[in-house]
Amino acid sequence: MNSLHSERSKILVVDDHQASRMTAVALLSVEGYEMLEADSGPAALECIKKTNPDLILLDVMMPGMDGFEVCRHLKQDESTRLIPIIFITALNDRRSRIRGIEAGGDDFLTKPFDHLELSARVKSLVRQKRLNEDLDHAEKVLFSIAKTVETRDPNTGDHCERLVALGRAFGTYLNLSRPQIRNLEWAGYLHDIGKIGIPDAVLLKKGKFDAEEWAIMKQHVLIGEKICQPLRTMSGVRPIVRHHHERWDGSGYPDGLVGDAIPYMAQVFQLLDIYDALTSERPYKQAFSPEKALEILDEEVERGWRNPKLVESFKDFICNIHLQNAAAIPESERSPLVATG
């Protein structure tokens, strides 16, 4: 067992009534937890900043800053969003529970405490927090690797950052779900993570690949899929990583999928990837204008490479929304993504 899991878990009890705090502290101390106390919302936030507890028992009805406000504050902060919060309240009405859920609370307990119920819920949520922390760490490692890959290839610039922003905007335009938009954003960083396994002699070669080099280069999508495979949170990203070089007529790789056999999110993402590559300056080419980039996409539709309906939606998005928004950005702050020349 590693040190993270072997240290005593810290539980913070937040309640303006001392007797209630003492009851919770007494019940959980015998379970081996390190107990912390705060008598108000502001005191709780200060304590959390200093101690980073593993779970918070949070009273709802407190003067000044109530429990709902404390919870919202914590769940909106990247450094505290994973801390489980159990609302402790004498209120057992449906409205209070709905407010607690909306604030981001993880569970509810009603006073007076049932010792066995309190112990079971605390133990379950502390265990879940540990798992979430491990998962969060694994995701950060993946994104770090992806950033290293981007740095390794000096030709791409801030390609990933631009894809994330463009994916968020186009996903919203298509009325995709929040998980789908998140997958597009994550794919912006991770789509080429497999290039970490491509030798520099191939990845950084100037000029065209020979047949052997091209075969090696095409392996990057399979390597990328394998890197993302262990994480269930990447289940919606893996099809994008594997299939973003497929073509509508089946002439793409790695599987030669045809038409709608290509995962829809991969079809969406490849348009973003192509558009950004075309409108960005590279050592071997100048940045094309958005208009020229869309002409090239039309040519690819005529060749049978792209989904015609999706390309039409993308063109409408670029012309009627994306470029109009870009026009409001001062020219000195524009990236090649929003160039209008």
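About the criteria used
Residues numbered from 1 in each chain as written. Predicted model: local features only at pLDDT ≥ 70, side-chain atom pairs only at ≥ 80, totals over all residues. Heavy atoms only, no water. Phe/Tyr/Trp six-rings, centres within 6.5 Å; stacked < 30°, edge-to-face > 60°. Helix = DSSP H or I, 4+ residues; strand = E, 2+ residues; numbered from the N terminus. Buried < 20%, exposed > 50% of the residue type's maximum accessible area, 1.4 Å probe, protein only. Salt bridge = Lys/Arg side-chain N within 4 Å of Asp/Glu carboxyl O. Pairing = 2+ DSSP bridges. Right-handed = clockwise from strand over helix to strand, strands pointing away. Contact = heavy atoms within 4.5 Å. pLDDT = per-residue confidence, 0-100.

Peer 1: Can you break down the packing of aromatic side chains residue by residue, with the values?
Peer 2: Under the defined criterion, the tally for this structure stands at 10 aromatic pairs. Seen from their ring centres, phenylalanine 170 and tyrosine 173 are 6.1 Å apart, and the 15° between their planes marks the pair as stacked. Taken together, the residues span about one helical turn, with phenylalanine 170 and tyrosine 173 both in helix α7 (residues 159–173) at a distance of 3 residues. On the basis of relative accessible area, tyrosine 173 is assigned to the partly exposed category, the value being 26%. On the basis of an interplanar angle of 85° and a centroid distance of 5.1 Å, the ring pair of phenylalanine 170 and phenylalanine 314 is categorised as edge-to-face.

Peer 1: Tell me what's going on with the pattern of salt bridges, and back it up with residues and numbers.
Peer 2: One side chain can pair with another of opposite charge once the charged atoms of both are near each other. Counted by the stated rule, this structure contains 19 salt bridges. Between aspartate 15 and lysine 111 there is a salt bridge, and its shortest N-O distance comes to 3.0 Å. Here aspartate 15, found in the loop between β1 (10–14) and α2 (18–29), pairs with lysine 111, found in the loop between β5 (107–110) and α6 (115–152); they are 96 residues apart in sequence, far enough to count as distant. Linking lysine 111 and aspartate 59 is a salt bridge whose minimum nitrogen-to-oxygen distance equals 3.5 Å. Placement of lysine 111 in the loop between β5 and α6 and of aspartate 59 in strand β3 (residues 55–59) is noted, with a sequence separation of 52 residues between them. When its relative accessible area of 24% is taken as the criterion, lysine 111 is described as partly exposed. Overall, the relative accessible area of 4% leaves aspartate 59 in the buried class.

Peer 1: Residue-level account of the pairing of strand β4 (residues 85–89), with values.
Peer 2: Taken across its 5 residues, β4 has 5 buried, putting it largely inside the fold. The alternating pattern of β4 places Ile85, Phe87 and Thr89 on one face and Ile86 and Ile88 on the opposite face, and all of these are buried. Of the strand pairs in this sheet, β3 and β4 are connected by 4 bridges, and their pairing is parallel. Pairing of leucine 57 across the sheet is with isoleucine 86, part of β4. Where the polypeptide runs from β3 across helix α4 (residues 67–75) and back to β4, its parallel neighbour, the crossover connection is right-handed.

Peer 1: Could you give an account of the environment of proline 53, with specific residues and numbers?
Peer 2: Along the polypeptide, proline 53 turns up in the loop between α3 (41–51) and β3. Taking the relative accessible area as the measure of exposure, proline 53 reaches 0% and is therefore buried. Considering only alpha carbons, one finds proline 53 and proline 84, 31 residues apart in sequence, at a separation of 9.3 Å. The contact partners of proline 53, leaving out residues within four places of it in the chain, are Lys10, Leu12, Leu36, Ile48, Ile83 and Lys129.

Peer 1: Break down the confidence of the model for the chain for me, citing the residues and quoting the values.
Peer 2: In this model, the chain carries an average pLDDT of 85, and 86% of its residues clear a pLDDT of 70 or more. Between the elements of the chain, mean pLDDT differs from a low of 40, seen in helix α1 (residues 3–6), to a high of 96, seen in helix α12 (residues 238–243). pLDDT under 50 marks residues 332–341. Its contacts with residues more than four places away, or in other chains, come to 23 contacts.

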